[in-house]
Amino acid sequence: MMQLEGAPSAKAAIVRRLAPSHAAVGRFGLILVMALMMAILTILQPAYFLTRENLTNIARQISSNAILALGEFAVIVTAGIDLSVGSVMGLSMIVLALAVHAEWAAGLAALAALLAGLGVGLINGLALTRLHLPHPFIATLATLNIARGATYLLSGGVPISGLPRAVRLWGAEDITLFGGTSFPIDFPISFLIVIALYLAVWVFLTKTRTGRHVYAIGGSPKAAQYAGINIPRNLTLVYALSGGLAGVAGVLLAGRVNSGYPTAGTGAELDAIAAVIIGGASFFGGRGTAGGVFIGAVIMGLLRNGLNLMNVSVFWQQVLLGFIILLAVYLDVLRRRAMRLEG
Amino acid sequence: MPALVEMRQIAKTFGPVVALNGVDFTVHSDEVVGLVGDNGAGKSTLMKILTGVHQPDAGEVWLAGTRVRFHSPLESRRNGIEMVYQDLGLAENLNAIANIFLGREVTHRTGGLRLLSEGEMERQGRGHLNGLQISLPSVFLPVERLSGGQRQSVAIARATAFRAQLVIMDEPAASLAVTEATKVLALIKRLREQGVSVVLISHRLQDVFDVSDRIVVLNRGSKVGDLRRQDTTMEDVVGLIVGKSA
């Protein structure tokens, strides 16, 4: 039953090489789903789906949700939940638009929007760890309403349109990569930001002590406490990160639609949670990867895009999204059961 | 040479309940001490005072000839006293190496970032596991996929990885199958060979007699027996635990 590590047989070596790949199997399944969707869309819409225009369009459309999902993912790893990210994104947009209309420099306005997000995130974290509210659902449900209300109050309930190019370009424009070479690519700036943020959070969660502690807290708070990990500090950090990322998402969305409107991001927290769950993270904490969540966000984007291309009504789209969530989680249940039988 | 741990006349009350009533408790170097007694006899309270979870109302704790006062488990751990908790205290989703180093990760600086030194931790962790002859199907499996005995071994490896002088184990074999329990008991003997003392809290007298050099019996907050294993029998110890013998 116990294989001796010190004297590895060939079989043990194989077992060892295969053992850590279960996460990879899960991710491979996700990549397969993504590839399948792309193949189907290419066949159904050969003239349009694979065009540069459509692909960059998808990339721009999923940017905000991908970033919200990234912050939500970090929170869900700790076995928490952040319901406020949609409202925070809306607040960030309005703060940005108001600051720009008050003649603030573009960079300063974007910074203010980011800090608004970070601030609400910090409040979430402190409400959870200092006020000892029983579950993050409560604290973030409160800030969902507070941030949304503040957004209506600040904007007077009406959209604030017309942003300078320096603000719009983050969400709306392309950058030419490999410009000097024979393969120049026009790439959406917002999607580059998405990739950079995913890489940064991936490094943070998997390569740093704090990231390791975040996973440990999600896996077993008691073990984390025994190990002397400062749980309140780590939780506060994660909620602040989620809020800050929602702030970034707001800046990108404002740029894409060239305005701040007070209803922006209503219900977006549910899309973010959906991307995290489709991406294979466990709702009970401690499990999941940034890469999986990224693919989860892409799958949702492909679904929307494909159904739009095929003129499927948004009502049916929502029904289908629900089924995708069911399917994704059920596949995960099956995978875990197979793993347990094998182990 | 002073004893590794010497607790003198330890008293502790919780409200109206007298948990400990002037208990002396000594652990020498390279010694396995079995700590037995009925539920509520004060075993856990005594060990929680030793690890700094509780403060004694009266009495002194001496560590290798120095008076100490531990205000938290962190302080006792820094002084080489580790506790293996009954619920193991492992992060189920992390692998054996990550658990051994949890809260004490090795890091290095790369390009201004402080990153985990996975390779170094794996090398040290494997060395430590091999030294204790602990074998796992893979050090990269999340510990939730290991058997009960393997997880117990990882918990003990974690407790002893950082120059521990004394490891306190609370019912380490209680929930294990017979073969696995045997392995954990062998591990306790191996720790003693490597110069680590062990306090074994257990209701399984067979286990206690198997590995202990000395057996301390508590009964309703008082020490009623402190016997070398070869000088006593299981009947004597049972008598002391239930409190009928003189």
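Owing to the predicted nature of the structure, the values given are computational and were not obtained by experimental measurement.

A. Local environment of the overall build of chain A. On a plain count of helices and strands, chain A comes out with 14 helices and four strands. Taking 2.2 N^0.38 as the reference for a compact globule, 343 residues should give roughly 20 Å; the C-alpha atoms of chain A span a radius of gyration of 21 Å, in line with that estimate. Considered along the principal axes of its C-alpha atoms, chain A spans approximately 70 × 55 × 45 Å. Sequence-distant contacts in chain A: of pairs separated by 6 or more residues, those separated by 24 or more amount to 74%. When the accessible surface of chain A is summed, it comes to about 16,000 Å², and 71% of that surface belongs to carbon and sulfur atoms. Each charge class in chain A was averaged separately, 22 positive and 12 negative side chains, and the resulting centres sit 12 Å apart.

B. Inspection of the sheet that holds strand β12 (residues 222–228) of chain B at higher detail. All names here are of chain B. Taking strand neighbours across the sheet as the criterion, the six strands line up as β6-β9-β10-β3-β11-β12 in an open arrangement whose pairing is mixed. Each of the sheet's edge strands pairs with one partner strand only, and the pair in question is β6 (81–84) and β12. Sheet twist, expressed as the mean angle between neighbouring strand axes with direction ignored, is 20 degrees. One ladder, built from five bridges, connects strand β3 (residues 32–37) with strand β11 (residues 214–219); its direction is parallel. The partner of V36 across the bridge, within β11, is V217. Where helix α6 (residues 178–193) meets the sheet, it contacts β3, β9 (166–170) and β10 (197–201), and its direction lies at approximately 150 degrees from that of β10. Lying on the sheet, helix α8 (residues 234–242) is in contact with β3, β11 and β12; it crosses β11 at an angle near 25 degrees.

C. Fine view of the pairing of strand β8 (residues 113–116) of chain B. All names here are of chain B. As defined by bridge partners, strand β7 (residues 107–110) adjoins β8 across four bridges and the pair is classed as antiparallel. When the sheet's bridge partners are listed, T110 is paired in β8 with L113. As consecutive antiparallel partners, β7 and β8 are separated by two residues, and within that stretch G111 has a phi angle of approximately 50 degrees, a positive value.

D. Up close: helix α4 (residues 85–101) of chain A. Here α4 of chain A spans 24 Å end to end across 17 residues, near enough to the 24 Å set by a 1.5 Å rise per residue. Count one or two residues on from α4 of chain A and you reach E103 of chain A, which has phi positive near 70 degrees.

E. Representation of unusual backbone geometry within the structure. Residues and elements named next belong to chain B. Positive phi values are uncommon outside glycine, yet D30 reaches one of about 55 degrees. Here D30 lies in the loop between β2 (17–27) and β3. Phi is positive for E171, close to 50 degrees, though the residue is something other than glycine. Mapped onto the fold, E171 is located in the loop between β9 and α6. Looking at E171, the relative accessible area reads 10%, which means it is buried.

F. Here's a closer look at the confidence of the model for chain A. Looking at chain A as a whole, its pLDDT mean stands at 89, while 91% of the residues score no less than 70. Every residue in residues 1–21 of chain A scores below 50 in pLDDT, and together they form 30 contacts with partners more than four places removed in sequence or on other chains.

Each value, and the rule that gives it
Residues numbered from 1 in each chain as written. Chains lettered and ligands numbered in written order. Predicted model: local features only at pLDDT ≥ 70, side-chain atom pairs only at ≥ 80, totals over all residues. Heavy atoms only, no water. Helix = DSSP H or I, 4+ residues; strand = E, 2+ residues; numbered from the N terminus. Rg over C-alpha atoms; globule rule 2.2 N^0.38 Å. Contact = heavy atoms within 4.5 Å. Areas by Shrake-Rupley, 256 points an atom, 1.4 Å probe, with all protein chains shown as cover. Lys, Arg positive; Asp, Glu negative; His and termini not counted. Charge placed at Lys NZ, Arg CZ, Asp CG, Glu CD. Pairing = 2+ DSSP bridges. Axes fitted to C-alpha atoms, helices over the stretch in contact; angles between N-to-C directions. Expected span 1.5 Å × (residues − 1). Buried < 20%, exposed > 50% of the residue type's maximum accessible area, 1.4 Å probe, protein only. pLDDT = per-residue confidence, 0-100.

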